[in-house]
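Listed here are the chains, written in short residue letters.
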Amino acid sequence: ARFDGIDTDFKELMKVAATLPNVVECCGQDNLYDKLEDIQKRLSLCEKALAEYLDTKRIAFPRFYFISGPDLLDILSKGNQPLEVCRHLAKLFDNMSKLEFKKDDNGVETKEAIGMYSNEKEYKEFTDSFMCDGQVEGWLMRVMQNMQATIRAALNEGTLAYEEKP
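Because the structure is predicted, anything quoted here is derived from the model rather than measured.

**Student:** Explain the overall build of the protein to me, please; I cannot follow it from the model alone.
**Tutor:** Looking only at helices and strands, the protein has seven helices and three strands in total. Going residue by residue from the N terminus, the α and β elements of the protein occur as α-α-α-α-α-α-β-β-β-α. In terms of overall dimensions, the protein has C-alpha extents of about 90 × 35 × 25 Å along its principal axes. In the protein, which comprises 166 residues, the proportion classed as buried is 28%. Put simply, the protein shows about 11,200 Å² of open surface, and 54% of that area lies on carbon and sulfur atoms. With 22 positive and 30 negative side-chain charges, the protein shows a separation of 0 Å between the mean positions of the two kinds.

Listed below in structure tokens is the structure:
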């Protein structure tokens, strides 16, 4: 809401500027400097509040520290759309490019993750499927935990298979 007010005020200033073709006349408007200073102060408050919000999300899911602010905002804004968030998985997890989701009877992907793909297009099914719903940091934590459990199980299977073979 604070940003919307700033945006509205700035757009009004720009509408007036568009009607004045003379730069000197446009920049010489009464109180223009004061209006711009006020907008800048309010924008700084917005930026500070946004940075604090992003920090709370980074504390909740520490892998968010490894991505940029714009990427984090994109993830948070699309948190209920796991397919959209999957674009950022490679930035959050080493060598994970996307998730495989269970399909419903109509062939539409649900929010239930059943496997993962590496950057080399290798597929590994999760030992347990899980839902990618709720807050994005919560279901990304489930992705990480299931990824670790699946890889741990695969390593155990590989170790046992190695010991059994001549």
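**Student:** Looking at this model, I keep getting lost on the pattern of salt bridges. Mind explaining?
**Tutor:** Side chains that differ in charge, positive against negative, can pair when their charged atoms come close. Summed over all chains, the structure comprises ten salt bridges. Residue Asp 7 pairs with Lys 11 through a salt bridge whose shortest N-O separation is 3.1 Å. Taken together, the positions of Asp 7 and Lys 11, both in helix H1 (residues 2–19) and four residues apart, correspond to about one turn of that helix. With relative accessibility at 48%, the residue Lys 11 sits in the partly exposed group. Between Lys 57 and Glu 137 there is a salt bridge, with the nearest N and O atoms lying 2.8 Å from each other. Of the two residues, Lys 57 sits in helix H3 (residues 32–60) while Glu 137 sits in helix H7 (residues 136–164), which places them 80 residues apart along the sequence. Pair check on accessibility: Lys 57 and Glu 137 agree, each one buried.

**Student:** Please clarify how a nonpolar patch on the surface should be interpreted in this entry.
**Tutor:** Taken together, the side chains of Phe 10, Met 14 and Leu 36 make up a nonpolar region of the molecular surface, amounting to roughly 250 Å² of accessible area. By the secondary structure assignment, Leu 36 is in helix H3. Among the residues examined, Leu 36 registers a relative accessible area of 36% and is labelled partly exposed.

**Student:** How should helix H4 (residues 69–77) be read in this particular structure?
**Tutor:** One full turn of an α-helix is made of 3.6 residues, so residues set three or four places apart face in the same direction. Listed in full, the buried residues belonging to H4 are Asp 71, Leu 72, Asp 74, Ile 75 and Leu 76. On its buried face, H4 is in contact with H3, helix H5 (82–85), helix H6 (89–92) and H7.

Reading the values: the criteria
Residues numbered from 1 in each chain as written. Predicted model: local features only at pLDDT ≥ 70, side-chain atom pairs only at ≥ 80, totals over all residues. Heavy atoms only, no water. Helix = DSSP H or I, 4+ residues; strand = E, 2+ residues; numbered from the N terminus. Buried < 20%, exposed > 50% of the residue type's maximum accessible area, 1.4 Å probe, protein only. Areas by Shrake-Rupley, 256 points an atom, 1.4 Å probe, with all protein chains shown as cover. Lys, Arg positive; Asp, Glu negative; His and termini not counted. Charge placed at Lys NZ, Arg CZ, Asp CG, Glu CD. Salt bridge = Lys/Arg side-chain N within 4 Å of Asp/Glu carboxyl O. Patch = residues over 30% accessible without salt bridge, like charges linked within 9 Å, V, L, I, M, F, W, Y side chains within 5 Å. Contact = heavy atoms within 4.5 Å.

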